[in-house]
2 protein chains.
Amino acid sequence: MDPLMPTEPRYARRADGMKASEIRELLKVLNRPGIISFGGGIPDPVLFPADEAKEAYRAILTDPVQMACGLQYSVSEGFEPLREWIAQHMGLLGVPCKPDNIVITSGSQQALEFLGKLFLTEGDTAIVEAPTYLGALQAFSAYEPHYDTITPKHGNRTPQSYVEAAAKQGGSVKFLYVVPDFANPSGETLTRAQREGLLDLAGELDAPIFEDTAYSALRFEGETVPCIQAIDVARHGGDINRSRVIYCGTFSKTLTPGLRIGWVCAAEPIVRRVVLIKQASDLNTSNINQMVMHRLAERTYTTQVEKARALYRPRRDAMHEALLKHMPAGVTWTKPEGGLFIWLTLPPHFNGSKLLKRAVEEFNVAFVPGSAFFAGGAGANTIRLSYSLPTEAQIADGVARLGKLLAS
Amino acid sequence: MDPLMPTEPRYARRADGMKASEIRELLKVLNRPGIISFGGGIPDPVLFPADEAKEAYRAILTDPVQMACGLQYSVSEGFEPLREWIAQHMGLLGVPCKPDNIVITSGSQQALEFLGKLFLTEGDTAIVEAPTYLGALQAFSAYEPHYDTITPKHGNRTPQSYVEAAAKQGGSVKFLYVVPDFANPSGETLTRAQREGLLDLAGELDAPIFEDTAYSALRFEGETVPCIQAIDVARHGGDINRSRVIYCGTFSKTLTPGLRIGWVCAAEPIVRRVVLIKQASDLNTSNINQMVMHRLAERTYTTQVEKARALYRPRRDAMHEALLKHMPAGVTWTKPEGGLFIWLTLPPHFNGSKLLKRAVEEFNVAFVPGSAFFAGGAGANTIRLSYSLPTEAQIADGVARLGKLLAS
């Protein structure tokens, strides 16, 4: 053992982690001048509530009691006033609940990792969409599940067929994971009927649903569909402690991802277990950041969400218009009602990963190859475009470059 | 499944997590007036560099480029200038290394959890001291190892006996974990010879050593012993990439635990794997906190460490003096050369957990029962006292109450 290496590293076996990491590595070099990136699905920093954050840190660090609280260790479940704010916020989303139903996590990524840890044993099956958020695949894959696929837009298979497929892999179905609104990467939103169908399926499978709502607040148009947890709670007489939905929320797309604050809203027995996992994992999320986020949420949440919608909507429009103008025949794409992503399906002979290399080297434009978002390695002819960072002019220019790439 | 519960929750099986949690729960209620707590091993907030932190947040959030960096997502390995500072700091500790040998974690607790995840498969053996840091047991126990015990102060068993014991449990030895300086909970420090002995044992077992240095900077007196990693790197011609030691560092006891910043220093292949785990776990530690910590480290590290030593040393002295005065015959304790803890061994008929209940209810004084720090459930007649929070007068008073409790 020279140099030292774990003789049997659990983690290195997990291909999804490596794959996603390689893509992120590639996209990291894309800050070079002249490049137009539709790669990362990250918020535009012009939206960050910098002055309010500065004032919040100042106020907390000026008051001796708050300072001693903010810079100290804290309880694993999270800063109580922030949990109260989130519980009220969940109420507005149709999920009446108490702070005891909320645990703070370091972004919703950490929530997904904790839930994987809580539910999965090697050999179990996790049911996901295809495509789905690659960070979720990374988080779950650490616990080595098999993946099966739901297709809520096109009707799912029978419960029995999921049970049998999981049994064939030597385990059982442990959860369903879904991004219901303006999904990463597809941009699609589940209808109410599709959400009801998922709940029915989860009920037959006696499995929880992890509802990842990272983009849900960023609706530009169309009617809001209630979150799956709200529908389930209503089915149970308004009692969240009888719900099988575990809601993963985050402030990363609405306020800032830099403080790393997300949350889980779920039945109390689930929350208590997640708190234990949190304690063993990193004791607590930075308390001063939780205190600052509480102030930001109280004072700026509504206006920040409005600002974000107003910024991203014309960018989505610009991308849609440019795609209409520059895409060759045979290319189709989604038109999301919100969020940050448009999903392109190219004619079958295209390969997104090979295209990316040429796009970066020859055309100074970047995106994420769609195959990254499939647990099973499908989607070679798909790509994800994010319109969150480039200006409308850059979007028009970048999509024109994509058009040239596809025509070349 | 009504209310929903994971049918086979991995985590709930893990007894150590529950035990530690229950103790923390008990200690949490101890903020009531009049109580003197020797419980939590947390820093005194009077030490926190509040003004410097306030100025750092202000400066970063005022500069548009730094603001956009601090409030955005960031790379999983951590903020580059902070990794550079830490690499330099490690050089001063006798570990010449580069930023590529450093990955930032959310406190060293997260480093321990990541290392458990990287190295452990169910059935493997982790070798720990008895007693040892209970948070480490919580972190490792998530991956369900068996525990075996090193006794570096009294000579360890033969390598062969560790190999055989691990094989009997159906796995192999995956690592040794040790807190070498002013250990939590024992307060003891390993001599250079004992560190060399551990390296020899780890070499024979072909296993890494996780070196947890949470308290190492807080030396009040006596000569500094080089960290185990420095000794190992010297054995390998100064090449950290050939070292089997994985160093877990933290700013929590020297600057503040509230920003949640720790680090791993190790051979590059290990660091690269930990970065993958970090990415899947929570993407990155709060970037603004890393930027603030970089400023605090650059500007205040040396003076903060001096302030902490000057504050804690007389508290340790006060506790030692009071123990001499108030402890009945048959009680022994450690005299740490630094850190935050004194470890008491009571006559065999005492039980620390039962004593704690009476201490809190009848004598308004608190501590942590020592059995919490044993993976195997030993140490019923031991207790841990922390002198980090109470004043010298409170320490004298609290130890007097403990004396009355033991005599009653």
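All figures in this text were calculated on a predicted structure; none of them were measured in a lab.

## Focus: the overall build of chain A
Line of reasoning, step 1. Across its full length, chain A holds 13 helices and 13 strands.
Line of reasoning, step 2. Its C-alpha atoms give chain A principal-axis dimensions of about 60 × 60 × 55 Å.
Line of reasoning, step 3. For chain A, the share of sequence-separated contacts (at least 6 apart) that also reach a separation of at least 24 residues comes to 76%.
Line of reasoning, step 4. Of the accessible surface of chain A, which amounts to about 14100 Å², a share of 53% is contributed by carbon and sulfur atoms.

## Some thoughts on the domain arrangement of chain A
Residues and elements named next belong to chain A.
Line of reasoning, step 1. Taken domain by domain, chain A consists of domain 1 (11-48 + 309-407) and domain 2 (51-301).
Line of reasoning, step 2. With centres defined by C-alpha atoms, the gap from domain 1 to domain 2 works out at 26 Å.
Line of reasoning, step 3. Across the contact, 29 residues belong to domain 1 and 32 residues belong to domain 2.
Line of reasoning, step 4. Each partner contributes to the roughly 2800 Å² buried at the junction of domain 1 and domain 2, and carbon and sulfur atoms together form 60% of this total.
Line of reasoning, step 5. R316 is the partner of E221 in a salt bridge, and the nearest nitrogen-oxygen pair spans 2.8 Å.

## With respect to the nonpolar core
Line of reasoning, step 1. Y177 of chain A together with Y177 of chain B are the most contacted members of the largest nonpolar core, which has 144 residues in total.
Line of reasoning, step 2. Contacts of Y177 of chain B, omitting those with residues within four sequence positions, involve L112, I127, V128, E129, T132, Y133, A136, F140, I150, F210 and D212 of chain B.

## Digging into the pairing of strand β8 (residues 262-265) of chain B
Residue and element names in this part refer to chain B.
Line of reasoning, step 1. Side chains G262 and V264 project from β8 onto one buried face, and the interleaved W263 and C265 project onto a second face that is buried too.
Line of reasoning, step 2. By the bridge criterion, four bridges tie strand β2 (residues 102-105) to β8 in an arrangement that is antiparallel. Residue pairing across strands places V103 opposite V264, the latter belonging to β8.
Line of reasoning, step 3. Where strand β7 (residues 245-250) lies against β8, four bridges are found, and the strand directions are antiparallel. Each residue of the ladder has a partner; that of T250, found in β8, is G262.

## Quick notes on the packing of helix α2 (residues 50-62) of chain B against helix α11 (residues 287-326) of chain B
All names here are of chain B.
Line of reasoning, step 1. For the pair α2 and α11, interaxial distance at closest approach is 9 Å and the crossing angle is 130 degrees. On the basis of the axis angle, α2 is oblique to α11. The two elements α2 and α11 cross, and the hand of that crossing is right-handed. Packed against α2, whose contacting residues are E52, A53, A56, Y57, A59, I60 and L61, the element α11 presents I288, N289, M291, V292, R295, L296 and T300 at the interface.
Line of reasoning, step 2. When grouped by side-chain class, the residues that make up the contact of α2 with α11 number ten nonpolar, two polar and two charged.

## Describing the sheet that holds strand β9 (residues 332-333) of chain A
Residues and elements named next belong to chain A.
Line of reasoning, step 1. Ordered by their spatial adjacency, four strands build an open sheet running β9-β10-β13-β12, and the pairing between neighbours is antiparallel. Looking at the sheet topology across the chains shown, the edges are occupied by β9 and β12 (368-369).
Line of reasoning, step 2. Both β9 and strand β10 (residues 341-345) contribute to a ladder of two bridges, which runs antiparallel. Among the inter-strand pairings, T332 is bridged to a residue of β10, identified as T345.

Definitions and cut-offs
Residues numbered from 1 in each chain as written. Chains lettered and ligands numbered in written order. Predicted model: local features only at pLDDT ≥ 70, side-chain atom pairs only at ≥ 80, totals over all residues. Heavy atoms only, no water. Helix = DSSP H or I, 4+ residues; strand = E, 2+ residues; numbered from the N terminus. Contact = heavy atoms within 4.5 Å. Areas by Shrake-Rupley, 256 points an atom, 1.4 Å probe, with all protein chains shown as cover. Domains from an automatic or database assignment. Buried area = accessible area lost by both parts, 1.4 Å probe. Salt bridge = Lys/Arg side-chain N within 4 Å of Asp/Glu carboxyl O. Core = buried A, V, L, I, M, F, W, Y, C linked by side-chain atoms within 4.5 Å. Buried < 20%, exposed > 50% of the residue type's maximum accessible area, 1.4 Å probe, protein only. Pairing = 2+ DSSP bridges. Axes fitted to C-alpha atoms, helices over the stretch in contact; angles between N-to-C directions. Parallel < 35°, antiparallel > 145°, perpendicular 65-115°, else oblique. Left-handed = near helix turned anticlockwise from the far one by under 90°. Nonpolar A, V, L, I, M, F, W, Y, C, P; charged D, E, K, R; others polar.

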